[in-house]
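# Chains, contacts and geometry: an overview
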Amino acid sequence: MSAARSAPAPAARRRLLRSFSVAAAVLSGIVAPAVLPGAVAAAEEPAGTTVVGRLVQAWAEAAPGEIAAGHAHEGPMSWVQPAQGDPVLIDTGGVEGVPAGSTVAVTVEGPTPDHSEDGGAEASPVVDTTVLAPPVVTPAPASARFTNEVTVAMVAPAGSDPKGDGTSLEQVVAAVNDRVAPFWSEQTDGAISLGVTAAHGWAAAPVNCEKPGLLWDEVAARVGFVPGPGKHLLLYVSRSSDCGYALAEVGSAPSSGGRMYVRDTATSVIAHEFGHNFGLGHSSGEQCDATVEGGSCRTVGYRDYYDVMGVSWSQLGSLNAPQAALLDALPVAQQQSIPVSGSAATVTLAPLAGRDGTRAIRLTDAEGVDYWLEYRTATRRDGWLADPANRFGLESGVLLRRAGGLPDTSVLLDATPSAAGGWDGDYRATLPVGTAVPVSGGDFSVVVQGVSPEGAVVSITPTRPATAVTPASPTPRAPRATVLPGTGPPAAEAPVATVGESAALRVPDHAGLGQRAPVALHSSADTAAGRGLLVPVAGSALAFALVLLAGRLRRRRRIAAC
């Protein structure tokens, strides 16, 4: 599968549930079962099964070798986690744009198969999606020793050697405490403090990585992990297993918590997966044929070797400007914003790796899209740029990135573009000195006047639009609730909440997540005479409300069609 991506598939129909009584019933836990047979719908409605729960998304990371070969995962995997029972894998296109961690009612075609014919997990096609409640993020307790507490467990998934792969628990704990924690503390000026608070040695698991949600649930139940604000479950899975390089849930904020697994102890991959838990997508790269933007282009996942959210390799540079802005880790005093309606300016950019001066420039174009300029030089966290270990030959200089939503919350643009035939071996992206570089189709012209170890002098000339443009607020956060895989060292999948989950955010009630009783799924064929209804008396209120809601929506569609 090629790592190059084009525009995402169109989103499926979505409706916001307006019945507060139904939402209240779901969130209060009155309704235990979460799967409704499609037979309760009228004859003209699509046959299928409705699943109520928390939307969870995770992205399987590609290993460094796969990325170098031009292969990476093109999108996240998604599932609905009912309050009770096993997660239901669904087609991600059917919930595109729905924040991870949301409570949703998803109708899938026919029954919900557990596995495909070849034994692998099969995603059910989505007929309709209704958001019952948005994700809720609760700050971690102020009295906690760490803002983010990590439980580490060494796991041998089904099918692998139950004794593990020789990696020790101490190695993984040291990777988190001694290398990953200092990185995130440094990049957020101490706002994020990670620490391992519980550690569990090798143990065999009865499930494999086909359905990571089940694996996380099983381990959580065994070790007593309870999801919550600032709570992270990190599984080190055996390299002899069928698990991907890494997988992590995408949260909505650093306090979201989340679950992940990795098959490597490399600092870059573990730090990358925590970034997903904190709400960050990937740092990817866009290359266009002999131009900065437009024309024939490709976007390659993870192709930002400067950044932790790009490919995972031996070097770990500073968190780039758009990603830092998403975490509120780039102080307003250290950035300068210039809208397309603003005046020309000449700015001295201080090194991004420092903590003084203007470290980033935000350009907001006529459509409200943010572009970021930052200066990389061989100092502090970016000192490796002058080291022989910089095997890709990445240059010091001013870089241009475009902010966006998941999966690529940051896209590195090539300011010295080559023809398409030379893309694979072209790692030069810095803006040339003394040459005007057009940004966003000419909304801005950027010229780097000069560079030194202390800073880069940059001139920006906006092209005023015909109508005034209101400066956008800092780069919008990506939809919270998605599970992203890692590139280089591993990645992970999204967290699970009590009721409904959307791509990596959680609903506050996390009780009993590791002890869900299985819920049988029945096809509409089993319910023609009212058989197979899975909602007991305690859940009948939800079923009745959903039927009423379906009726209202059908009436609205008929009215709209008139």
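So, here's what we can say about the structure. This is a predicted model, so every value here is computed, not measured.

## Observations concerning the overall build of the chain
Looking only at helices and strands, the chain features seven helices and 26 strands. Look at the contacts in the chain between residues 6 or more apart in sequence, and 74% of them connect residues 24 or more apart. Surface accessibility of the chain: about 21000 Å² in total, with carbon and sulfur atoms responsible for 56%.

## Here we look at the state of the cysteines
Under the criterion given, the structure shown has two disulfides. Two residues share a disulfide in this structure: Cys209 and Cys243, whose sulfurs sit 1.8 Å from each other. In this structure the cystine formed by Cys209 and Cys243 twists about its S-S bond by roughly 65 degrees; its chirality is therefore right-handed. Linking Cys209 in the loop between strand 10 (194-204) and helix 4 (212-223) with Cys243 in the loop between strand 11 (231-237) and strand 12 (246-250), this pair joins segments that are 34 residues apart in sequence. The disulfide bridge from Cys288 ends at Cys297, spanning 2.0 Å between sulfur atoms. Disulfide Cys288-Cys297: torsion about the S-S bond near 110 degrees, hence right-handed. With relative accessibility at 34%, the residue Cys297 sits in the partly exposed group. The connectivity of the disulfide bonds within the chain can be written as 1-2, 3-4, using the sequence rank of each bonded cysteine.

## Points about the pattern of salt bridges
Applying the stated rule across the entire model yields 15 salt bridges. For Arg259, the salt bridge goes to Glu249, with nearest N and O atoms at 2.9 Å. On the criterion of sequence distance, the pair formed by Arg259 in strand 13 (residues 258-262) and Glu249 in strand 12 is long-range, its members being ten residues apart. Glu249 carries the same exposure label as Arg259, and that label is buried. A salt bridge links Arg401 to Asp304; the shortest N-O distance between them is 2.8 Å. Of the two residues, Arg401 sits in strand 20 (residues 397-403) while Asp304 sits in the loop between strand 15 (297-300) and helix 6 (321-326), which places them 97 residues apart along the sequence. In this pair, the class of Arg401 matches that of Asp304, namely buried. Here the residues in one salt-bridge network are Asp304, Glu374, Arg376, Asp382 and Arg401, joined through shared partners.

## A closer look at the sheet that holds strand 17 (residues 345-349)
Strand order in the open sheet formed by four strands is 17-24-23-22, with antiparallel pairing between adjacent strands. Since the sheet does not close on itself, it has two edges, and those belong to strand 17 and strand 22 (436-439), each with one partner. Strand-to-strand twist in this sheet, taken as the mean axis angle between neighbours without regard to direction, amounts to 30 degrees. Of the pairings in the sheet, the one linking strand 23 (residues 444-452) to strand 24 (residues 455-462) comprises eight bridges and is antiparallel in character. Bridge assignment links Val447 to a residue of strand 24, and that residue is Ser459.

## Notes on the packing of aromatic side chains
The final tally for this structure, using the stated rule, is twelve aromatic pairs. With a centroid separation of 6.4 Å and 40 degrees between ring planes, the pair formed by Trp79 and Trp216 is classed as tilted. Placement of Trp79 in strand 5 (residues 77-81) and of Trp216 in helix 4 is noted, with a sequence separation of 137 residues between them. The class of Trp79 is buried, set by a relative accessible area of 3%. Aromatic rings pair up to connect Tyr305, Trp313, Trp384, Phe392 and Tyr427 into one cluster.

## Focus: the side chain of Thr267
Turning to its location among the elements, Thr267 is positioned in helix 5 (residues 267-277). By relative accessible area, which is 18% here, Thr267 ends up buried. Discounting residues that sit within four places of it in the chain, Thr267 has contacts with Arg179, Val180 and Leu316.

## A short note on unusual backbone geometry
Cis geometry marks the peptide bond from Leu406 to Pro407; its omega dihedral reads 10 degrees. Following the sequence through the fold, Pro407 ends up in the loop between strand 20 and strand 21 (408-413). Despite not being glycine, Tyr302 shows a phi value in the positive range, around 70 degrees. Checked against the element boundaries, Tyr302 lands in the loop between strand 15 and helix 6. You can call Tyr302 buried: its relative accessible area is 1%. Phi at Ser440 takes a positive value of approximately 55 degrees, unusual for a residue other than glycine. When you line up the elements, Ser440 lands in the loop between strand 22 and strand 23.

## Some remarks on the packing of helix 3 (residues 169-187) against helix 5
Between helix 3 and helix 5, the shortest axis-to-axis distance is 10 Å and the interhelical angle comes to 60 degrees. Relative to helix 5, the element helix 3 lies oblique. As for the relative orientation of helix 3 and helix 5, their crossing is right-handed in sense. On the side of helix 3, the interface is formed by Ala175, Val176, Arg179, Val180, Phe183 and Trp184, while helix 5 contributes Thr267, Ile270, Ala271, Phe274 and Gly275.

## Brief notes about the environment of Ala123
Secondary-structure assignment places Ala123 in the loop between strand 7 (103-109) and strand 8 (126-133). We classify Ala123 as partly exposed; its relative accessible area is 37%. Expressed as a C-alpha distance, the spacing of Ala123 and Val108, which sit 15 residues apart in the sequence, is 9.6 Å.

The rules behind each value
Residues numbered from 1 in each chain as written. Predicted model: local features only at pLDDT ≥ 70, side-chain atom pairs only at ≥ 80, totals over all residues. Heavy atoms only, no water. Helix = DSSP H or I, 4+ residues; strand = E, 2+ residues; numbered from the N terminus. Contact = heavy atoms within 4.5 Å. Areas by Shrake-Rupley, 256 points an atom, 1.4 Å probe, with all protein chains shown as cover. Disulfide = S-S within 2.5 Å. Buried < 20%, exposed > 50% of the residue type's maximum accessible area, 1.4 Å probe, protein only. Salt bridge = Lys/Arg side-chain N within 4 Å of Asp/Glu carboxyl O. Pairing = 2+ DSSP bridges. Axes fitted to C-alpha atoms, helices over the stretch in contact; angles between N-to-C directions. Phe/Tyr/Trp six-rings, centres within 6.5 Å; stacked < 30°, edge-to-face > 60°. Parallel < 35°, antiparallel > 145°, perpendicular 65-115°, else oblique. Left-handed = near helix turned anticlockwise from the far one by under 90°.

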